[in-house]
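Listed here are the chains, written in short residue letters.
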Amino acid sequence: MSKICLCLTAKTISRNLELIEKYRKYIDLAELRVDCLHPDEIFFIRHFPRQAGIPVILTIRRKQDGGFYLSGEGSRVALLSRGLAFAESDRRHNFAYVDLEEDLEVPGLEEAVRTFGTRIIRSYHNFDGIGNITEKIKSLRKIGDEIAKIAVMPQSLKDVLVIYRAVRETTDTEKIIVGMGTFGLNTRILSEKLGSFLSYTSETEDPTIPPGAPGLISPKELVEKYRFRDINSATDIYGVVGFPLNTTYSPKIYNTVFSREKIDAVYIPFPAHDLGYFLELAEDLNIKGAAVTIPYKEEIIHHLSNVSDSVRIAGACNTIKALGTLTRSLPGETVSKVWIGTNTDTLGFTESLLSFLDRKHLRGQKITIIGAGGAARAVVSEIFRLKGKCLILNRTPVRARELALNFGYAWGGLDSQALDTIERYSDIIIQTSPVGTFPNINDDPFELYNFNGHETVMDLIYNPQQTAFLKRAMATGCRILNGMDMLLRQAKYQYEYILDRDFPEHLIPALLGSLQK
Ligand code: NAP
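Computed from a predicted structure; not experimentally measured.

J.: Can you help me understand the environment of G215 in this one?
T.: For G215, the position within the fold is in the loop between β8 (198-202) and α9 (219-225). Given the relative accessible area of 41%, G215 is considered partly exposed. Here the alpha-carbon distance between G215 and P434, two residues 219 residues apart in the chain, equals 24 Å. Excluding its chain neighbours within four sequence positions, the residues that come into contact with G215 are G181 and R188.

Written as structure tokens, this is what we have:
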């Protein structure tokens, strides 16, 4: 099983020991990053493995490799020797591993550590890309008993795909594979599938402690949110694709359900600059289904073999599912997954709003929609079905026009001209743009509009629970509804579509509670 390593980057030995205690139940080993220690502390590193009580990697990372060590190589080697000196017969009191970069030549030190049972991790770092990773994995180790460590910075999901392929070509090499940054998160969660000896994690709650490497998450998050301990070579992979994917709650919803229902599956965020790269990766990793979010709800439709009526009517898709592989007979044609799609925002929205209003339809209701993107399409198509009347206002008026004309609705820009029209469509106001989402929580999509206190106001955003827009509405006496209830309702339908099994509704109160935290 792939292990979890906590990267220790605090300034003092005692703080690093506190971090081990904090995460002890989640971790298998720790890496002492001596380059992060205060100069007065480096004299005490020799005792650290005994104090830690778990296997420890000794690392002194140079600045050029992403660390903080600024002195010369001579002093670095002396410091490494100090950490490894006076080996004890009880190996648990010695460093279990030492991280030596590929260009570091210290035969004497290497011979000594081998004699006393410390294993060498031979490391390569690339913060600008992935380089020729297959060659690097094959050539990195100087002697076969070393563990090759490749820490690279994928710039897109295309690079991530290259990492997975490289790993498959080098199964006979014992290695550690680290995809850094947001694109690399999936490689650290799927460490077991990659055959990586370990996955690195870092303290993320104390802002005074630097991350061990860009993008590392905490051991708690890796285990509790991403089911690290349950992932094996047969685990099914699901996910969410979008960009930037800062605020997605779906991994928490799905992974909680998978854990509670004992389903051998994991749900991972796949931030993607390019939808095509995600689909290629999905093919390679055999991803079975995914949620689709900003900005791909419309673009994804071009990649689907079949879509539900909800997608056809809304012109947007938030859920895709793989139907296995299509084998083509023509030589040269790629074998590809067949994807089908549906839209669960539609039913999620309708159920949430109607239950809030305690109504069965929207006949006679005059409604203003802010935004004309993927979510707005789902909302507007449902309002049409429920017999409501709409005014659609959007930053880019032509998009509002395009959407409104499909349903014979009114449209306009988010400007002062809209203020007269909105008065005639103010029974309900539904905010569907991402403006006001965390971290930009003070942003308001339509500051020009003054609520009269009689509107019912819904904001599809669920983080924060009260956007600046909703707060303003509430202050004038409006009834307000955020997007959390809709999120869970649409997630239930999405889960049932993708997994072909009932959603365990008894888990909803617990899920709601943990998401609201
Ligand atoms: P999208 O397809 O990218 O559309 C975004 C819309 O917002 C567009 O109309 C865009 O206007 C407008 N917009 C973006 N930035 C703006 C700005 N700075 N000022 C004014 N308007 C701006 O996104 P989406 O998929 O519709 O999602 C929108 C929001 O709904 C997200 O926050 C998402 O999390 C939320 N959502 C919630 C649920 C739920 O279950 N609660 C479900 C779906 C979506 P332009 O046309 O001018 O670019």
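J.: Quick question: what am I supposed to make of the pairing of strand β5 (residues 119-126) here?
T.: Of all the 8 residues making up β5, 7 are buried; the element is thus mostly covered by neighbouring parts of the structure. Strand direction decides the pairing type here: strand β4 (residues 97-101) and β5, joined by 5 bridges, are parallel. Bridge pairing links Y97 to R119 in β5. This β-α-β element, β4 to helix α4 (residues 107-115) to β5, shows right-handed connectivity. Of the pairings in the sheet, the one linking β5 to strand β6 (residues 147-152) comprises 6 bridges and is parallel in character.

J.: Whenever I open this one, the nonpolar core confuses me. Can you help?
T.: As a rule of thumb, nonpolar side chains are buried together in soluble globular proteins. Core analysis: the biggest nonpolar cluster contains 87 residues, and V34, F48, F270, F278 and I320 have the highest contact counts within it. Counting residues per element, this core draws most heavily on helix α6 (residues 157-168), which supplies 7 residues. The residues touching I320, leaving out its near neighbours within four places in the chain, are F278, L279, G289, A290, V292, I300, L304, W339, I340, G341 and I498. L357, L386, A404 and M458 belong to the second largest nonpolar core, which has 27 residues in total.

J.: For this particular structure, what's the right way to read the site of the ligand?
T.: With respect to spatial proximity, 24 residues lie near the ligand, and among them A372, A375, N394, T396 and R399 are the closest. At a separation of 2.9 Å, a nitrogen atom of the ligand approaches a polar backbone atom of G483. Here the ligand has 930 Å² of accessible area as a free molecule, and 84% of this is covered by the chains. Of all elements in the fold, only α14 (374-385) and α18 (484-499) reach the threshold of two or more residues within the shell around the ligand. In terms of residue count, α18 provides more of the shell around the ligand than any other element does, 3 residues in total.

J.: Is there a simple way to think about the sheet that holds strand β15 (residues 366-370) in this case?
T.: Strand pairing in a sheet is mediated by backbone hydrogen bonds. Such pairs are either parallel or antiparallel. Spatially, 6 strands are ordered β17-β16-β15-β18-β19-β20 in an open sheet, and the strand pairing comes out parallel. The sheet terminates laterally at β17 (410-413) and β20 (479-481), the two strands that pair on one side only. When strand polarity is set aside, the average angle formed by the axes of neighbouring strands in this sheet is 20 degrees. Pairing between strand β18 (residues 428-431) and strand β19 (residues 456-459): 4 bridges, direction parallel. Across the sheet, residue I430 finds its bridge partner in β19, namely M458. Against the sheet, α14 engages β15, β16 (389-394) and β18, with an angle of about 170 degrees to β15.

Reading the values: the criteria
Per-chain numbering applies: the sequence of each chain, read as written, is numbered from 1 onward. Per-residue local features of the predicted model are confined to residues with pLDDT of at least 70, and side-chain atom pairs are confined, for both listing and counting, to 80 or more; whole-chain, interface and lining totals are unaffected and use all residues. Hydrogens are left out, water is left out, and the side-chain values use all remaining heavy atoms of the structure. Here a strand is any run of E in DSSP of at least two residues, a helix any run of H or I of at least four, and the numbering for each starts at the N terminus. The classification of residues rests on relative accessible area computed with a 1.4 Å probe and restricted to protein chains. Under 20% of the type maximum is buried, over 50% is exposed, and intermediate values are partly exposed. By definition, residues are in contact when any of their heavy atoms lie within 4.5 Å. Strands pair, by our definition, only if DSSP identifies at least two bridges between them. When the strands point away from the viewer and the connection leading from the first strand across the helix to the second strand turns clockwise, the crossover is called right-handed. We call a set of buried residues a nonpolar core when its members are Ala, Val, Leu, Ile, Met, Phe, Trp, Tyr or Cys and they connect through side-chain atoms within 4.5 Å of each other. What makes a residue near a molecule or strand is one non-hydrogen atom of that residue sitting within 4 Å of it. Distance and chemistry together define a polar contact, namely a pair of N or O atoms within 3.5 Å, with one atom able to donate a hydrogen and the other to accept it when in protein, and with adjacent residues in sequence counting only for side-chain atoms on both sides. Where accessible areas are quoted, they stem from the Shrake-Rupley method and a 1.4 Å probe; at the residue level, only the protein chains shown are allowed to cover. Axis definition: a line fit to C-alpha positions, over the contact stretch in the case of helices; interaxial angles, taken between N-to-C directions, run 0 to 180 degrees.

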